[in-house]
Amino acid sequence: MKRSTNLTFVNLKSLPEKGEQYQFSQQNGELDEQLRDLIGSNNYYVSLEVRPVGNVFEISGEIRAEMDLICSHCGRELHHPVNDSFNELIVVTAKWTRAGHSGHVNSVKDHEITCNYATSFDFDLGDFVHEHIALAEPDHPLCARPDCDDVFNAANRTVKNPIDFNPLLRDNSSIKK
Ligand SMILES: [Zn+2]
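Everything numeric here is computed off the predicted structure, so don't read it as measured data. (Residues numbered from 1 in each chain as written. Predicted model: local features only at pLDDT ≥ 70, side-chain atom pairs only at ≥ 80, totals over all residues.)

Q: I'm lost on the overall build of the protein chain in this one. Help?
A: Per the secondary structure count, the protein chain includes three helices and eight strands. The N-to-C order of helical and strand elements in the protein chain reads β-β-α-β-β-β-β-β-β-α-α. Nonlocal contacts in the protein chain, meaning residues at least 24 apart in sequence, comprise 60% of its contacts between residues at least 6 apart. (Helix = DSSP H or I, 4+ residues; strand = E, 2+ residues; numbered from the N terminus. Contact = placed C-beta atoms within 7 Å.)

Q: Which parts of the structure should I look at to understand the nonpolar core?
A: Note on soluble globular proteins: their nonpolar side chains tend to be buried together. Counting 22 residues, the largest nonpolar core has Leu 35, Ile 39, Val 46, Val 129 and Ile 133 as its most contacted members. Every element with two or more residues in this core is listed here: α1 (32-39), β3 (44-53), β4 (56-70) and α2 (125-136). With five residues, β4 is the largest single contributor of residues to this core. Residues in contact with Ile 133, not counting those within four places in the same chain, are Leu 35, Leu 38, Ile 39, Ile 63, Ala 65 and Val 82. (Core = buried A, V, L, I, M, F, W, Y, C linked by C-beta atoms within 7 Å. Buried ≥ 20, exposed ≤ 12 C-beta atoms within 10 Å, placed from the backbone.)

Q: When you look at unusual backbone geometry in this model, what are you seeing that I'm missing?
A: Among all residues save glycine, negative phi is the norm, and among peptide bonds the norm is trans. Located in the positive-phi region is Ala 144, a residue other than glycine, with phi close to 65°. Within the secondary structure layout, Ala 144 lies in the loop between α2 and α3 (148-155).

Q: Just to check I follow, could you spell out the packing of α1 against α2 for this structure?
A: Between two packed helices, what matters for the description is the angle formed by their axes and the separation of those axes. Running from amino to carboxyl end, α1 crosses α2 at an angle of 10°, the nearest separation of the two axes being 10 Å. As far as their axial angle goes, α2 and α1 are roughly parallel. Counted together, Gln 34, Leu 35, Leu 38 and Ile 39 of α1 and Gly 126, Val 129, His 130, Ile 133 and Ala 134 of α2 form the full contact between these two elements. Residues that form the contact of α1 with α2 fall into these classes: six nonpolar, three polar and no charged. (Axes fitted to C-alpha atoms, helices over the stretch in contact; angles between N-to-C directions. Parallel < 35°, antiparallel > 145°, perpendicular 65-115°, else oblique. Nonpolar A, V, L, I, M, F, W, Y, C, P; charged D, E, K, R; others polar.)

Q: Can you walk me through the pairing of β3 in this structure?
A: In regular strands, side chains alternate between the two faces of the sheet. Pairing between strand β2 (residues 20-25) and β3: six bridges, direction antiparallel. Within the sheet, the bridge partner assigned to Tyr 22 lies in β3 and is Leu 48. (Pairing = 2+ DSSP bridges.)

Now the structure itself:
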């Protein structure tokens, strides 16, 4: 079965010298499947430019999306906007031993420029976008509602040692009474 993600592959070797532009949006649905685990059915807009620079490739652009997260303090839902603009490099190397799978991408941030090491000239832009959005997800999202603290305190009134995440999802048995 042909995966829809094939549509987001770019062959780096066949890029014109001046580079190539790519746009993905929810309207056209190119990345719907690939991004669903991160953003659900939220809106997204991706604009990318890939350009050969000597032996490497420059990838720049922006990613806008929205994630549905749970506030780690009060436990209510929140919308987390992703506004990511970047300028990175893609380095294709046959001997990238740290990559687990052939063709998979490793990102290494080195002196402020992020290098994406790929083992194939068939570069998956969808995978790249997925990685960027995944990195933009905060470990402990906060809703910033004015009553965030009040709701947290109310939910933990009966708990002696409240811990700071959604009390509805908490395993109460692990808390010392
Ligand atoms: Zn909150």
